[in-house]
Amino acid sequence: MTDFSDLMLDVAKVRSDFPILDREVHGKPLVYLDNAATCQTPRQVIEVFDDYYRRYNANIHRGLHTLSDEATSAFERSRDKVRAFINAREIREIIFTRGTTEAINLVANTWGRANLKAGDEVLVSQLEHHSNIVPWQLLAKEIGFTIKVIPVDERGVLDQAAYRDLFTERTRLVAVNHVSNAFGTVNPVSEMASVAHSHGALILVDGAQAAPHEQVDVVAMDADFYAFSGHKVYGPTGVGVLYGKAALLEAMPPWQGGGEMIKTVSFEAGSTFADIPHKFEAGTPAIAEVIALGSALDWVSGIGLPLIRAWEHRLTEHATKELSRIDGLRILGTAPGKAAVMSFVVEGAHSQDIGLLIDQLGVAIRTGHHCAQPLLAHFGVDATCRASFAAYNTPEEIDIFVESLERVIGMVR
Amino acid sequence: MSDTAQESQAELIEEFEMFDNWMDRYQYIIDMGKQLPAFPDEWKTDELKIQGCQSNVWMRSQRDGERLHFDATSDAAIVSGLIAVLMRIFNDRPPAEIAATPPSFLEELGLDKHLSPTRSNGLHAMLERIYQVAKAEA
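All residue numbers refer to positions counted from 1 along the written sequence of the respective chain. The naming scheme follows written order: chains are lettered A onward, ligands numbered 1 onward. Residues qualify for local features only when their pLDDT is at least 70, as the model is predicted, and side-chain atom pairs are given and counted only at 80 or more; totals for whole chains, interfaces and linings, by contrast, use all residues. With hydrogens and water set aside, each side-chain value is computed from the structure's full complement of heavy atoms.

Digging into the pattern of salt bridges
Item 1. In the sections that follow, a salt bridge refers to a side-chain nitrogen of Lys or Arg positioned within 4 Å of a carboxyl oxygen of Asp or Glu. Following the criterion strictly, the structure yields 29 salt bridges over all chains and no others.
Item 2. A salt bridge links Asp153 of chain A to Arg155 of chain A, with the shortest nitrogen-to-oxygen separation between them at 2.8 Å.
Item 3. Arg63 of chain B is the salt-bridge partner of Glu137 of chain B, the closest N and O atoms lying 2.9 Å from each other. With Glu137 of chain B in helix H7 (residues 123–137) and Arg63 of chain B in strand S1 (residues 57–64), this residue pair connects regions lying 74 residues apart in the sequence.
Item 4. Bridged by salt links that share partners, the residues Asp34, Arg366 and Arg386 of chain A form one connected network. Where helices and strands are cited, they refer to DSSP runs of H or I of at least four residues and of E of at least two residues respectively, numbered from the N terminus.

So this is what it looks like as structure tokens:
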């Protein structure tokens with residue numbers, strides 16, 4: 001049995017913040033291990049919605065009335081919380097989006113469209129989620145630049161020597177995730193950024209899977225762009241963040257046009273645009289969601305990412321040990337120090353069967369390609385089972401998961 | 001095999017009612033799937049593949065006199081079992097009868113709740129293919 005006693009995480013107290021963890025599924029207590037897809041929200045986050053719609057629901061940045069003023073203040077406070085969470089220098093470097101996907105699409109359609117030319121090269125890693133592949137493919141088809149793939153080794157670790165060799169004088173951008181959603185690999189983005197910069201290229205880091213697990217410091221890592229989503233860091237869906245260095249954001253053309261993002265609009269003289277970050281926030285944003293994201297980050301900081309990380313690592317260690325006992329089970333992604341993601345396939349048991357049957361026992365895991373088809377294809381599989389952990393998961397839940405897994409494997413073999 | 005598709009559905013419903021929990025029902029479905037007749041590899045073509053499923057499913061149909069004969073397989077156990085359920089009801093029946101038999105067993109067995117289309121299990125895609133072929137042949 002893995003020892004958890006030295007860690008100061010009061011997991012019972014953590015769990016008491018999550019009302020959903022009390023529910024049952026098919027008459028069994030819920031064991032929620034699909035956190036890499038969406039993690040659950042603490043009551044402090046849920047309560048923001050109730051409070052916002054009961055007390056100060058109003059459009060922001062425009063009204064002179066009290067409600068609008070209160071909503072604007074809360075919204076902008078949230079922006080500062082995000083800034084502090086990723087240690088950005090300036091509040092205007094934080095742009096709210098619908099999520100990581102929209103953040104990456106924004107960079108592709110503004111910076112990408114303005115700076116990439118036919119014959120240029122963009123480096124994308126083999127570990128990427130489709131949301132950091134497809135926006136570049138769409139643009140490449142239009143513009144005619146080339147996408148080159150940074151390879152992985154058999155552990156799911158990016159080959160840094162191969163990475164360095166991919167650079168040419170035409171390399172303009174590296175698009176890489178901080179943590180792989182399918183395998184949990186934590187990439188050395190800081191070193192990768194310095195290699196990119198030494199070749200005059202920029203780096204965009206997809207931080208969707210890193211924000212809930214790793215302490216992010218965009219200045220120390222020297223990322224040019226960094227994106228993450230609210231719902232993977234104990235916040236709501238429908239909100240995400242794009243960080244960009246101020247000088248880059250200022251030089252980028254706007255993407256979506258509409259209210260909020262303009263200075264002046266005239267049929268005769270055309271339109272002039274607002275300063276960053278508002279230039280990239282056309283239309284009424286998801287106000288309550290943004291405020292709730294601020295509360296989620298407060299919640300995470302209240303426990304502390306180093307402690308959450310240590311707890312999840314211990315859970316991952318425990319799960320690795322327990323899963324390894326199962327005959328015919330192969331873990332994909334064995335990078336040292338990986339985040340709390342266990343991807344695996346089982347001989348003689350299809351992941352779809354495992355996902356459906358284990359749900360009957362109250363255990364929620366993910367099965368399928370995890371929006372990382374190129375990575376799975378590279379490892380010769382088209383689907384895996386994935387269990388991913390959060391701060392509220394317990395070693396006892398891992399044991400229930402492994403016992404349940406053994407039972408369902410026995411049913412199909 | 002029962003005389004009609006409707007009788008087969010009634011029989012299946014009766015068999016499933018013997019179990020009082022879903023794990024046993026799933027086990028029964030999986031065991032039925034293990035009895036499926038062999039499906040040669042050369043039939044596993046893109047043309048015979050059914051989309052909309054997390055697992056791979058192939059279905060082949062051919063006219064056998066007045067009746068329609070299906071062969072199908074999957075690399076997943078529950079889907080194989082569902083194929084076996086569908087075969088019990090629809091296989092080797094006149095196309096007009098197949099087309100005129102609604103899949104009432106889905107609702108009566110509660111399978112529609114357990115295997116909703118959002119779980120991309122391919123059940124609905126398989127049914128669609130069966131009805132499509134039956135209507136074309138009827």
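Having seen the model, we can carry on.
Examining the side chain of Lys338 of chain A
Residues and elements named next belong to chain A.
Item 1. Considering the arrangement of structural elements, one finds Lys338 in the loop between strand S13 (329–332) and strand S14 (341–346).
Item 2. Accessibility here uses a 1.4 Å probe with only protein chains present; expressed as a share of the type maximum, an area under 20% marks a residue as buried, one over 50% as exposed, and anything in between as partly exposed. Positive charge is attributed to Lys and Arg, negative charge to Asp and Glu, and no charge count is given to His or to the chain ends. Buried charge without a partner: Lys338 forms no salt bridge, and the closest opposite charge is Glu317, 12 Å away.
Item 3. We define a polar contact as two N or O atoms separated by no more than 3.5 Å, with the added condition that, inside protein, one atom must be a possible hydrogen donor and the other a possible acceptor, whereas residues neighbouring each other in sequence contribute only through side-chain atom pairs. For Lys338, the side chain forms a polar contact with the main-chain oxygen of Val341, separated by 3.0 Å.
Item 4. Residue contacts are counted whenever heavy atoms from the two residues lie within 4.5 Å of one another. With residues near it in sequence (within four places) discarded, Lys338 still touches Phe183, Gly184, Thr185, Val186, His313, Thr316, Ile331 and Gly333.

Focus: the sheet that holds strand S17 (residues 384–388) of chain A
All names here are of chain A.
Item 1. Paired strands are those between which DSSP finds at least two bridges. With respect to topology, four strands assemble into an open sheet ordered S13-S14-S17-S16, the strand pairing being antiparallel. Among the strands making up the open sheet, the edge pair consists of S13 and strand S16 (366–368). Along the sheet, successive strands turn relative to each other by an average axial angle of 30°, direction set aside.
Item 2. Pairing of S16 with S17, which is carried by three bridges, proceeds in the antiparallel orientation. Each bridged residue has a counterpart across the sheet, and for Thr367 the counterpart in S17 is Cys385.
Item 3. Axes here refer to lines fitted to C-alpha atoms; in helices the fit is confined to the stretch in contact. Angles between the N-to-C directions go from 0 to 180 degrees. Helix-sheet contacts for helix H11 (residues 305–324) involve S13 and S14, and the interaxial angle to S14 is about 10°.
Item 4. Along the sheet face, helix H12 (residues 351–360) touches S14, S16 and S17 and points at about 155° away from the line of S16.

Some remarks on the sheet that holds strand S8 (residues 202–206) of chain A
Residues and elements named next belong to chain A.
Item 1. Read from one edge to the other, the open sheet built from seven strands follows the order S4-S10-S9-S8-S7-S5-S6, with strand pairing classed as mixed. Pairing within the sheet leaves two strands with one partner each, and these edge strands are strand S4 (94–97) and strand S6 (146–150). Taking each pair of neighbouring strands and ignoring which way they run, the sheet shows an average axis angle of 20°.
Item 2. As defined by bridge partners, S8 adjoins strand S9 (residues 225–229) across three bridges and the pair is classed as parallel. In the strand pairing of S9, Asp206 is matched with Ala227.
Item 3. Where helix H4 (residues 100–115) meets the sheet, its contacts fall on S4, strand S7 (171–177), S8, S9 and strand S10 (240–244), and the angle it forms with S9 comes to roughly 150°.
Item 4. On top of the sheet, helix H5 (residues 134–143) reaches strand S5 (121–125), S6, S7 and S8; it is set at about 150° to S6, its chief contact.

A few points about the UniProt feature "domain: Aminotransferase class V" (unreviewed entry) in chain A
Item 1. UniProt positions are given in the numbering used here, feature names are shortened, and annotations may be inferred rather than shown by experiment. The feature "domain: Aminotransferase class V" (unreviewed entry), as annotated in UniProt, sits at residues 31–401 of chain A in this numbering.
Item 2. Helix and strand shares over residues 31–401 of chain A are 40% and 18% respectively, and the end C-alpha atoms of the span are 8 Å apart.

What about the nonpolar core?
Item 1. The set of buried Ala, Val, Leu, Ile, Met, Phe, Trp, Tyr and Cys residues whose side-chain atoms join them within 4.5 Å is what this entry labels a nonpolar core. Counting 158 residues, the largest nonpolar core has Tyr226, Tyr234, Leu323, Phe401 and Leu405 of chain A together with Phe105 and Met126 of chain B as the members making the most contacts within it.
Item 2. With eleven residues, the single largest contributor to this core is helix H3 (residues 77–90) of chain B.
Item 3. Looking at which domains feed residues into this core, each of domain 1 (11–38 + 304–412) and domain 2 (47–301) of chain A supplies at least three. Here the bounds of each domain stem from an automatic or database domain assignment.

Brief notes about the pairing of S9 of chain A
Residues and elements named next belong to chain A.
Item 1. Here S9 lies mainly inside the structure; five of its five residues are buried.
Item 2. Here S9 shows two buried faces, one formed by Phe225, Ala227 and Ser229 and the other by Tyr226 and Phe228.
Item 3. One ladder, built from five bridges, connects S9 with S10; its direction is antiparallel. By the bridge assignment, Phe228 is partnered in S10 with Val241.

Here we look at the interface of chain B and chain A
Item 1. The interface is formed by 20 residues belonging to chain B together with 17 residues belonging to chain A.
Item 2. Buried surface at the junction of chain B and chain A, summed over both partners, amounts to about 1,500 Å²; 56% is from carbon and sulfur atoms.
Item 3. Seen at the junction of chain B and chain A, the total is zero salt bridges.
Item 4. Along the contact surface separating chain B from chain A lie five residue pairs in polar contact (both at pLDDT 80 or more).
Item 5. Elements with a minimum of two residues in the side of chain B that touches chain A: helix H2 (22–34) and H3 of chain B.
Item 6. When residues in the side of chain B that touches chain A are grouped by element, the largest group, six residues, is from H2 of chain B. Put simply, buried area is how much 1.4 Å-probe accessible surface two parts lose in total, over both of them, once they are put together.

Points about the domain arrangement of chain A
For an interface, size is often stated in terms of accessible area lost upon the parts coming together.
Residues and elements named next belong to chain A.
Item 1. In terms of domains, chain A is made up of domain 1 (11–38 + 304–412) and domain 2 (47–301).
Item 2. The distance between the C-alpha centroids of domain 1 and domain 2 comes to 28 Å.
Item 3. Carbon and sulfur atoms make up 58% of the area that domain 1 and domain 2 hide from each other, which totals about 2,900 Å².
Item 4. Broken down residue by residue, the surface that domain 1 buries against domain 2 is led by Leu305, Cys371 and Leu375, which jointly contribute 21%.
Item 5. With its nearest N and O atoms 3.1 Å apart, the salt bridge here joins Arg309 to Glu214.
Item 6. Side-chain classes are defined by residue name, with Ala, Val, Leu, Ile, Met, Phe, Trp, Tyr, Cys and Pro counting as nonpolar, Asp, Glu, Lys and Arg as charged, and the others, Gly among them, as polar. For the side of domain 1 that touches domain 2, the class distribution of residues is 23 nonpolar, ten polar and five charged.

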